[in-house]
Amino acid sequence: FKNYLLVLGHSISTQSVLPSCVREFMHEMEKQGTTALTNIQLSQIQNHYEYLKHRPNRRRAGNLSNSMLNHHMYAIKKFFSYLEQTSVVTINPTSNLDFKRLKSKEREVLTQEEIKELYQATTTLLEKAVLGMFYGCGLRRTEGERLNINDINLKTKLLYVREGKGKRRRVIPISKQVSDDFKNYLYCERGGLITKKSPKEAFILNQIGNRMRGDTLNKTFKAIIQRTGNKELQAKEISLHNLRHSIATHLLENGLPVEYVRDFLGHLYLESTQVYTRVNLNKL
């Protein structure tokens, strides 16, 4: 199933998340005594959905988010579609499955004043570079993780996303401040992290000289938040992706046409940009 998702062109995160959701579903079916894929009934899938709505979240307090519930059901439908196409099953139990897609919790958008507080709370050049990647350039987490040195042209102040969501490419203009932050990190701090095993091409390195992964990038961002001392900001459930929402909203509020914001974010459709950002309709 994972290889099937790879062939279809899904992202690496989707290739990991969907099989994980299916694995949990199959484990629950085995616990109930159903061991053959051909014996799974629609009612069992519906019962699994009810179970997921009350299952505790394994990463934090509370239950699964609406977004994660949607992921689980999408995974199961996609999985049985795959089984049907490969003739593993002749009857697809999800063909009549109609579950209401739950509305995900609206993401927090930071104010421009809160963004200033984040920059003021940075203590390293790396932290400024991280804010520049995800706020200044509006990158997705995986795009930031994959960013290489040759993807950034400091002379022309352009950043190249070689393979974004849906394998789409885009070019992002870099402000002078972000360009300076990238340059300072690259020439004044990154060199001290390089080891013999370090990937020469990786832009952001961790403490042992390896490419910094998404989780560590997010932890770096969380540490900056805690250092601000802003209780309201600290109480918000925010991640790197909220910086992307924030820059998109601020660009729209400052008068940049929505078509340009769409290209900046790498969206395929204009509707995605309009839904993605939370901005006053009059300003939009």
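Just so it is clear, the model here is predicted, and its values are computed rather than measured.

Participant: So, the overall build of the chain: which residues are in play, and what are the values?
Facilitator: When you go through the chain residue by residue, the secondary structure sums to 13 helices and 3 strands. For the C-alpha atoms alone, the extent of the chain along its principal axes is close to 60 × 55 × 35 Å. Per-residue burial for the chain yields a buried fraction of 42% across its 284 residues. Across the chain, every contact between residues at least 6 apart in sequence was considered, and the portion connecting residues at least 24 apart equals 57%. As displayed, the chain has an accessible area near 16400 Å², and 50% of this comes from carbon and sulfur atoms. Of the side-chain charges in the chain, 45 are positive and 27 negative, and the distance between the mean point of each set is 4 Å.

Participant: Just give me the short version of the pattern of salt bridges, but keep the residues and values in it.
Facilitator: All told, the structure shown has 13 salt bridges when counted by the stated rule. With its nearest N and O atoms 3.4 Å apart, the salt bridge here joins Glu 28 to Lys 31. Of this pair, Glu 28 and Lys 31 are both found in helix α2 (residues 12-31), 3 residues apart, which corresponds to roughly one turn of the helix. Looking at Glu 28, the relative accessible area reads 11%, which means it is buried. A salt bridge links Glu 145 to Arg 213, with the nearest nitrogen and oxygen atoms 3.2 Å apart. Highlighted residues: Glu 145 in helix α7 (residues 141-146) and Arg 213 in the loop between α8 (176-188) and α9 (214-228), separated in sequence by 68 residues. Accessibility expressed as a relative area gives 47% for Arg 213, which makes it partly exposed. Among the ionic contacts, a cluster of salt bridges with common partners joins Arg 140, Glu 143 and Arg 170.

Participant: Break down the pairing of strand β2 (residues 158-161) for me, with residues and values.
Facilitator: Every second residue of β2 is oriented toward a common face, the buried set being Leu 159 and Val 161 and the non-buried set Leu 158 and Tyr 160. One ladder, built from 2 bridges, connects strand β1 (residues 152-153) with β2; its direction is antiparallel. The residue bridging Ile 152 from the neighbouring strand is Leu 159, located in β2. Note that β2 and strand β3 (residues 170-173) share 4 bridges and pair antiparallel. Considered in β3, the bridge of Tyr 160 is made with Val 171.

Participant: Give me the packing of aromatic side chains: which residues, what numbers.
Facilitator: All chains considered together, the criterion is met by 9 aromatic pairs. The interplanar angle of 40° and the centroid separation of 4.9 Å between the aromatic rings of Tyr 4 and Tyr 82 together place this pair among those described as tilted. Separated by 78 residues along the polypeptide, Tyr 4 in helix α1 (residues 2-8) and Tyr 82 in helix α4 (residues 66-85) bring together distant segments of the chain. Relative accessible area serves as the criterion here: at 16%, Tyr 4 is assigned to the buried category. Note on Tyr 82: relative accessible area 21%, which makes it partly exposed.

Participant: Tell me about helix α3 (residues 42-54), and please be specific about residues and values.
Facilitator: When the terminal C-alpha atoms of α3 are compared, their 19 Å separation across 13 residues agrees well with the 18 Å that a helix rising 1.5 Å per residue should span. Of all the residues in α3, the buried ones are Gln 44, Ile 45, His 48, Tyr 49 and Leu 52. Along the axis of α3, the buried positions cluster into a sector of 150°, meaning they face one direction only. In α3, the exposed positions angled more than 90 degrees off the buried face are occupied by Asn 47 and His 54. At its buried positions, α3 is contacted by α2 and α4.

Participant: Can you explain the packing of α2 against α4? Please cite residues and give values.
Facilitator: Interaxial distance between α2 and α4 falls to 8 Å at its minimum, and their mutual angle equals 80°. The angle between α2 and α4 falls in the class roughly perpendicular. For the pair α2 and α4, contact is made by Val 17, Leu 18, Cys 21, Val 22, Glu 24, Phe 25 and Met 26 and by Met 68, His 71, His 72, Tyr 74, Ala 75, Ile 76, Phe 79 and Phe 80, respectively. Per-class residue counts for the contact of α2 with α4 are 12 nonpolar, 2 polar and 1 charged.

Conventions adopted
Residues numbered from 1 in each chain as written. Predicted model: local features only at pLDDT ≥ 70, side-chain atom pairs only at ≥ 80, totals over all residues. Heavy atoms only, no water. Helix = DSSP H or I, 4+ residues; strand = E, 2+ residues; numbered from the N terminus. Buried < 20%, exposed > 50% of the residue type's maximum accessible area, 1.4 Å probe, protein only. Contact = heavy atoms within 4.5 Å. Areas by Shrake-Rupley, 256 points an atom, 1.4 Å probe, with all protein chains shown as cover. Lys, Arg positive; Asp, Glu negative; His and termini not counted. Charge placed at Lys NZ, Arg CZ, Asp CG, Glu CD. Salt bridge = Lys/Arg side-chain N within 4 Å of Asp/Glu carboxyl O. Pairing = 2+ DSSP bridges. Phe/Tyr/Trp six-rings, centres within 6.5 Å; stacked < 30°, edge-to-face > 60°. Expected span 1.5 Å × (residues − 1). Arc of directions from axis to C-beta. Axes fitted to C-alpha atoms, helices over the stretch in contact; angles between N-to-C directions. Parallel < 35°, antiparallel > 145°, perpendicular 65-115°, else oblique. Nonpolar A, V, L, I, M, F, W, Y, C, P; charged D, E, K, R; others polar.

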